[in-house]
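# Observations on the three-dimensional arrangement
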Amino acid sequence: MPEISPPRPSASRRIPIAIGAVVAAGVVGLGAFYGLGGLKRDSGGDPSCAGAVDLARKISPLAHGEVAALTMATSPLKLPDLAFEDAEGKPRKLSEWRGKTVLVNLWATWCVPCRKEMPALDSLQAKLGGKDFEVVAVNIDTRDPEKPKNFLKEANLTRLGYFADSKAKVFQDLKNIGKALGMPTSVLVDGQGCEIANLAGPAEWASDDAIKLLKAAMQPTKAGS
């Protein structure tokens, strides 16, 4: 007897199978595109940072004018414990500023908007820097370590502490969680190390708009001090 081949699936059955394969491929593709950061956002983030999201929602009406480009936190996120060095080469970590509201800023001398922004950050540190607030500006020049120091000295920017990461790992760490898309990058962090807001690009940080928003962001820190 001739061998009987099994029946082929009808066209109506093949279409759902094909659609299912496309959907599955799309899910895999999205997972590869968004990486672990996307999975973390879907999981609801760090519950210990829920207060930072509430604060972001509360102060969001102040994100206008010179700080209109701020992106307020909408899901709870604790920043990685960023590691860098101070002017003497001593290892430092972001967790050393726990209890303070911190504006983390990444800059480099090769970044023109960064250089233009530095005087405003220096002025901001002079106006608000103290027990409740700090500007932590981390330089990520990877070649001549004296170049950023000389830039600050020549521009008479003396209020900012000098911090640097010659391997630019701090940028990669923030990029991995979707908080560093270019330069300069700024992240406003509460006293528990949780994101309040972030900004891709420069801002007039010493402006009245910025000062009002930052003072409002500092209120929970002051209440707890």
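See above for the structure.
Scope of this entry: the structure provided in the associated data block. Values in this document were obtained by computation on a predicted structure and should not be read as measured data.

What follows is about helix H2 (residues 50–59). Along an α-helix, residues three or four positions apart point the same way, because every turn accommodates 3.6 residues. Of the positions making up H2, those classed as buried are Ala52, Val53, Leu55, Ala56 and Ile59. The arc that holds every buried residue of H2, seen down its axis, measures 160°, which confines them to one face. Exposed positions of H2 whose direction lies more than 90 degrees from the buried face are Arg57 and Lys58.

Before going further, it helps to examine the sheet that holds strand S5 (residues 133–139). The sheet built from eight strands is open, its strands ordered S1-S8-S7-S4-S5-S6-S2-S3 with mixed pairing. Strands at the two margins of the open sheet, each flanked by one partner only, are strand S1 (71–72) and strand S3 (91–93). Pairing of S1 with strand S8 (residues 195–200), which is carried by two bridges, proceeds in the antiparallel orientation. Opposite Met72, over in S8, you have Ala197 as the bridge partner. Here H2 sits on the sheet in contact with S1 and S8, set at roughly 60° to S8. Along the sheet face, helix H3 (residues 112–128) touches strand S4 (101–107), S5 and strand S7 (185–189) and points at about 160° away from the line of S4.

Let us now look at unusual backbone geometry. Going from Met183 to Pro184, the amide bond is cis rather than trans, its omega being -5°. Within the secondary structure, Pro184 is located in the loop between helix H5 (169–176) and S7. One non-glycine residue, Asn156, adopts positive backbone phi at about 60°. With respect to the helices, strands and loops of the structure, Asn156 is situated in the loop between helix H4 (146–154) and strand S6 (163–164). Residue Ala168 is not a glycine yet carries a positive backbone phi of 60°. Topologically, Ala168 is positioned in the loop between S6 and H5. Residue class for Ala168 comes out buried when judged on its relative accessible area of 19%.

How each quantity is defined
Residues numbered from 1 in each chain as written. Predicted model: local features only at pLDDT ≥ 70, side-chain atom pairs only at ≥ 80, totals over all residues. Heavy atoms only, no water. Buried < 20%, exposed > 50% of the residue type's maximum accessible area, 1.4 Å probe, protein only. Helix = DSSP H or I, 4+ residues; strand = E, 2+ residues; numbered from the N terminus. Arc of directions from axis to C-beta. Pairing = 2+ DSSP bridges. Contact = heavy atoms within 4.5 Å. Axes fitted to C-alpha atoms, helices over the stretch in contact; angles between N-to-C directions.

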